[in-house]
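Now for the letters of each chain:
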Amino acid sequence: MAKLHPSSRTVLELLADFEPAKPVGIRSIATFTSSDSETLVYIGTQSGSLILLSLNSNFPSLSHSSNASTANAAKNVPSHLRSVSVCDSPVDSIHVVADIGRVLVLSDGFMFLMDSLLIQPVKRLSFLKGVTVISRRLRTGDAESLDFSENVSGLVESSSASQRFLMKLGSGIRANGAKARESEHLRDGNRVFAIAAAKKLVLVELLLVNRLGRSDREIDSAGGGASFVILKEIQGVDGVKTMVWIDDSIIIGTSSGYSLISCVSGQCSVLFSLPDPTSMPHLKLLRKEHKVLLLVDNVGIIVNAYGQPVGGSLVFRHFPDSVGEISSYVVVASDGKMELYHKKSGVCIQMASVAAEGSGMSVVADAEDASGNLVVVATPSKVICYRKVPSEEQIKDLLRKKNFKEAITLVEELESEGEMTKEMLSFVHAQVGFLLLFDLHFEEAVDHFLQSETMQPSEIFPFIMRDPNRWSLLVPRNRYWGLHPPPAPLEDVVDDGLKAIQRAIFLRKAGVETPVDDDFLLNPPSRADLLESAIKNIIRYLQVSRRRDLTLSVREGVDTLLMYLYRALNSVDDMEKLASSENSCIVEELETLLDESGHLRTLAFLYASKGMSSKALAIWRILARNYSSGLWKDPAVESELLDTNASTLSGKEAVATEATKILEESSDQDLVLQHLGWIADVCQVLAVRVLTSERRADQLSPDEVIAAIDPKKVEILQRYLQWLIEDQDSNDTQFHTLYALSLAKSAIEAFETENSLQNPDAGRLEETCSAGSERNSIFQSPVRERLQIFLQSSDLYDPEEVLDLIEGSELWLEKAILYRKLGQETLVLQILALKLEDSEAAEQYCAEIGRPDAYMQLLDMYLDPQDGKEPMFKAAVRLLHNHGESLDPLQVLETLSPDMPLQLASDTILRMLRARLHHHRQGQIVHNLSRAVDVDARLARLEERSRHVQINDESLCDSCHARLGTKLFAMYPDDSIVCYKCFRRQGESTSVTGVDFKRDILFKPGWLVTR
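So, a few notes on the structure that sits alongside this text.

The next subject is the overall build of the protein. When its secondary structure is counted, the protein shows 34 helices and 34 strands. Within the protein, the fraction of its 1011 residues that count as buried is 46%. Contacts in the protein between residues at least 24 apart in sequence constitute 57% of all its contacts with a sequence separation of at least 6. When the accessible surface of the protein is totalled, it reaches about 52,100 Å², and 49% of it is carbon and sulfur.

Let's shift gears to the pattern of salt bridges. One pass over the structure, following the stated rule, counts 38 salt bridges. Measuring nitrogen to oxygen at the nearest pair gives 2.7 Å for the salt bridge that ties Asp495 to Arg527. Of this pair, Asp495 sits in helix H9 (residues 490-509) while Arg527 sits in helix H11 (residues 527-545), and the two are 32 residues apart along the sequence. A salt bridge links Glu665 to Arg695, with the nearest nitrogen and oxygen atoms 2.4 Å apart. With Glu665 in helix H18 (residues 644-665) and Arg695 in the loop between helix H20 (684-691) and helix H21 (702-708), this pair connects stretches of sequence that are 30 residues apart. On the basis of relative accessibility, which here comes to 47%, the residue Glu665 falls in the partly exposed class. Salt bridges sharing partners connect three or more residues here, namely Glu664, Glu665, Arg689 and Arg695.

Inspection of the entire model under this criterion finds 18 aromatic pairs. For the ring pair Tyr739 and Phe790, a centre distance of 4.8 Å and an interplane angle of 70 degrees mean the geometry is edge-to-face. Of this pair, Tyr739 sits in helix H23 (residues 733-757) while Phe790 sits in helix H25 (residues 783-793); the two residues are 51 residues apart in sequence, bridging distant segments of the chain. For Phe790, a relative accessible area of 6% translates into the label buried.

Here we have 4 strands laid out as an open sheet, ordered S7-S8-S9-S10, and antiparallel in their pairing. Of all the strands in the sheet, just strand S7 (91-97) and strand S10 (123-125) have a single pairing partner and so form its edges. Each strand axis lies, on average, 25 degrees off the axis of its neighbour in the sheet, ignoring direction. The pairing of strand S9 (residues 110-115) with S10 spans 3 bridges and is antiparallel. Bridge pairing in S10 places Met111 opposite Leu125.

Now for a nonpolar patch on the surface. Taken together, the side chains of Val949, Phe969 and Met971 present a nonpolar region at the surface, about 210 Å² in accessible area. By the element assignment, Val949 lies in the loop between helix H33 (902-945) and strand S33 (969-971).

Let us now look at unusual backbone geometry. A cis amide bond links Asp467 with the next residue in sequence, Pro468, at an omega value of -5 degrees. Here Pro468 lies in the loop between helix H8 (461-464) and H9. With phi around 60 degrees, Asp297 is a residue other than glycine that occupies positive phi space. Structurally, the position occupied by Asp297 is in the loop between strand S23 (291-296) and strand S24 (299-303). Of note in the backbone geometry, Glu837 takes a positive phi value of approximately 50 degrees without being a glycine. Following the sequence through the fold, Glu837 ends up in the loop between helix H28 (825-835) and helix H29 (839-849).

Before going further, it helps to spend a moment on helix H14 (residues 587-597). Every buried residue belonging to H14 is among Val587, Leu590, Leu593 and Leu594, and all of these are buried. Burial along H14 is one-sided: seen end-on, the buried residues are contained in an arc of 145 degrees. Facing away from the buried side of H14, by more than 90 degrees, are the exposed residues Glu588 and Glu596. On its buried side, H14 packs onto helix H12 (552-569), helix H13 (572-580) and helix H15 (600-609). Positive phi shows up at Gly598, right after H14, with a value of about 85 degrees.

The contact between H20 and helix H22 (residues 714-727) brings their axes to 10 Å, and the two run at 30 degrees. For the crossing formed where H20 meets H22, the hand is right-handed. Touching Gln684, Ala687, Val688 and Leu691 of H20 are Glu715, Ile716, Arg719, Tyr720 and Trp723, all from H22. Looking at the contact of H20 with H22, its residues break down into 6 nonpolar, 1 polar and 2 charged.

Once that is clear, we can look at the side chain of His441. Within the element layout of this structure, His441 appears in the loop between helix H6 (422-438) and helix H7 (442-451). The buried category is assigned to His441, whose relative accessible area is 18%. Leave out the neighbours within four places in its chain, and His441 touches Leu436, Asp517 and Phe520.

This next bit is on the sheet that holds strand S5 (residues 49-56). Taken in spatial order, the 4 strands make up an open sheet running S3-S4-S5-S6, and their pairing is antiparallel. The two strands at the open ends of the sheet, each matched to only one other strand, are strand S3 (26-33) and strand S6 (79-85). Each strand axis lies, on average, 20 degrees off the axis of its neighbour in the sheet, ignoring direction. Pairing geometry for S3 and strand S4 (residues 38-45), over 7 bridges, is antiparallel. What sits directly across from Thr33, in S4, is Thr39.

Where H22 meets H23, the axes come as close as 10 Å, and the angle between the chain directions of the two elements is 145 degrees. The way H22 lies across H23 gives a crossing that is left-handed. Of H23, the residues touching H22 (which contributes Val714, Gln718, Leu721, Gln722, Leu724 and Ile725) are Phe735, His736, Leu738, Tyr739, Ser742, Leu743 and Ser746. Its residues placed into classes, the contact of H22 with H23 shows 8 nonpolar, 5 polar and no charged.

What counts and how
Residues numbered from 1 in each chain as written. Predicted model: local features only at pLDDT ≥ 70, side-chain atom pairs only at ≥ 80, totals over all residues. Heavy atoms only, no water. Helix = DSSP H or I, 4+ residues; strand = E, 2+ residues; numbered from the N terminus. Buried < 20%, exposed > 50% of the residue type's maximum accessible area, 1.4 Å probe, protein only. Contact = heavy atoms within 4.5 Å. Areas by Shrake-Rupley, 256 points an atom, 1.4 Å probe, with all protein chains shown as cover. Salt bridge = Lys/Arg side-chain N within 4 Å of Asp/Glu carboxyl O. Phe/Tyr/Trp six-rings, centres within 6.5 Å; stacked < 30°, edge-to-face > 60°. Pairing = 2+ DSSP bridges. Axes fitted to C-alpha atoms, helices over the stretch in contact; angles between N-to-C directions. Patch = residues over 30% accessible without salt bridge, like charges linked within 9 Å, V, L, I, M, F, W, Y side chains within 5 Å. Arc of directions from axis to C-beta. Left-handed = near helix turned anticlockwise from the far one by under 90°. Nonpolar A, V, L, I, M, F, W, Y, C, P; charged D, E, K, R; others polar.

Everything listed here is a matter of geometry and, on its own, says nothing about what the molecule does.
This is the structure we're talking about:
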């Protein structure tokens, strides 16, 4: 029995072998698959005999049962059907024409034809002698559709000389002595052969001849025959030792090299020249790829139908005796060994001993249709049958041997060649991932999980949470090929793996090889490191799985278990990121776990993401209180801020910020007002954000909010009222008045505080408090500025109520604004001119009043301030300088105080008098000009009225051209005359010429107006 050499991968398994009772000297071999379970094997011997064997391809393989019984092995021996003698010379080649049940044999330069079961007598074909090589044509569909019947030269095989004579006379084509018309030939392009004989190449076709008009089956049963018809002859082809015909190209091999012959044109071109004349050429048709393998010494070159090299080359150990093909592999027999090479990679996949070295040449036979799973190797003394191991079994065998990379490579090759689906590739990736997982290679395992498109995230759930749990029914009950243990929690996987490593270390010391990784044996890992690696990589897989389109239940399991794993690593940032984002976590599964472990922030985020705002806010309030008391501290903040007070403040603000985010979207007024107080204690800005948020569906009741605000948090109230008035456009006088009163109170307090700070006896403590209050203020502008802007811009507050509040204060500008609202002009001027001494503002207010007496009133205030104040001469001079032209000089002179220095007012009074005189003279000029125009108009009107028009019997109307005679008529300013009828139609302002005197004024020269 042939012995298989150990290999990491088994592609061919030994199926059966046959050894004749007496040595016959096997020379050639061929196979034919007659059915799914039977394969016929033809053996050609040195003595010229042809042996037919029948092989059951469903036999169990012998290679899988080395301890099989002798009886079982005997069952795998092929059945010997029969033997026939062909001639006395060795059988060189055998060609099975399966579709017509014929076998063509080459021996001693002649061709012999017989039936496939070797029942009928052997017939020698004598139309060609000295035949060296026969090759059957392979058509791929790209060949030209040539009708070789046009080149038919006649019947090539007849039973007598008379028949050949009739052929020369043109009596028609005959087959085995019977005349047959061309239409009766049963033609098939797959039965075309190229035959090398003498110095020519003959292209022939094997035909079944129907004598009685029956079908093929009837011809066989009636003793019908077959004949060869010559299609074409190509002369000058000599020394052919090997040949392949594919499409329209015939590639031949001679002792000098390889050539390409076109079966259409007959042209011959050299492809390769052999380096050594003694080298034997050899060609092998690769039916699956429709390519040809050319051998140059021990190197195989793959070429296409045009002789062009494609792909890489195959380097064999020795020059092959014979070459076969099965699936994606090339089978080579030489030197007593059978070797299997991959066509693309050129790697020797498998090797088996078939005979002793030097026992003679070996022959390989494969299936004719390139889809068979059997290959037969024959030595001179026996026949060995191999069967291709199914692809799945090859993959399983590699996985059992832990050759994971080779298994994946094999699946990818099969998938690219169309022999395996993409789903199967995903299945194998998942299988490899589980095997690596139990081998404690967690990173590589997850890499394979991620490459699997069919693996479900729920298959990982049992590794995280023990059964039974909420998601136990979601886990597929699929153990793949049963190569790995059932799923177990990661702790158990790690513990079992460590036990296996310890056991392997002990066995290794005893000299026993184990499948455990050498790295683990040399440097055993710790349980903590393995468990951390497992959790991190499972997290990586679940994170990627979240982006897939999963069902709701699976998504809930992924997010919940992901939180479990984050918590196991104490990855607080990842926990909070997951909880605060959109997630499908089950709160009931996590709240107890997070509460007991102290991850309250994560739990609060989780509550908020699920709409459980009340519970989330309760946690944030507890955290804020614990920050104040020092019971809970944020490690991240502690590491960044060493100052305890700063750390506490930063932590409290962070907590309040998260609570604010919830309240900003909440329309639950009771909930908002419940938590407003503690947020305001932490940060007033956040409290304002809560109250003024526009992200909530329904706004809060202003009255309820105002009542709930702490009276001590004045700025919150002011900012809220400002938002109501300015952003919400509230016209409620109550809110306007309340806002003004609140600003006024704050302004009074700020003014008093400022005055107290200006006291040199004030301590540094007060300065510190003031600086801190300014930093903590939620407003950027001073309160007095805000008060003044509001008092000026709003007309909806009660000025008297505000005025009562600030009456006794020093807020003079605010009082002026309020008096102005009340229309108290004198008081406004007194405040602006005397209290504030703002001359510009006082003059501007007088301009707004718009009466000259306002300036005189202001001048009186400057010159007689009352209350014992000195006259404000400079302000009075400024007023006279800017607005003196609008004042009556006499009144000004009467108003001026005798005590006013003359040098201050002389220039101003002089300029005022000159301006007064100038205005007077300008008025006189305008008056006289107006009188002149009036006189000129009167004169022109008089002239128009005094004009005389002479009408006679020949005068015509300028409009209707009727004689005027004694009719009434009218004359326009442009001297056109019309009858009264036309005047009524034209109107007074438009003349016959089309001039509109209301729009186009007509000027006539006068004593004043010349144009």
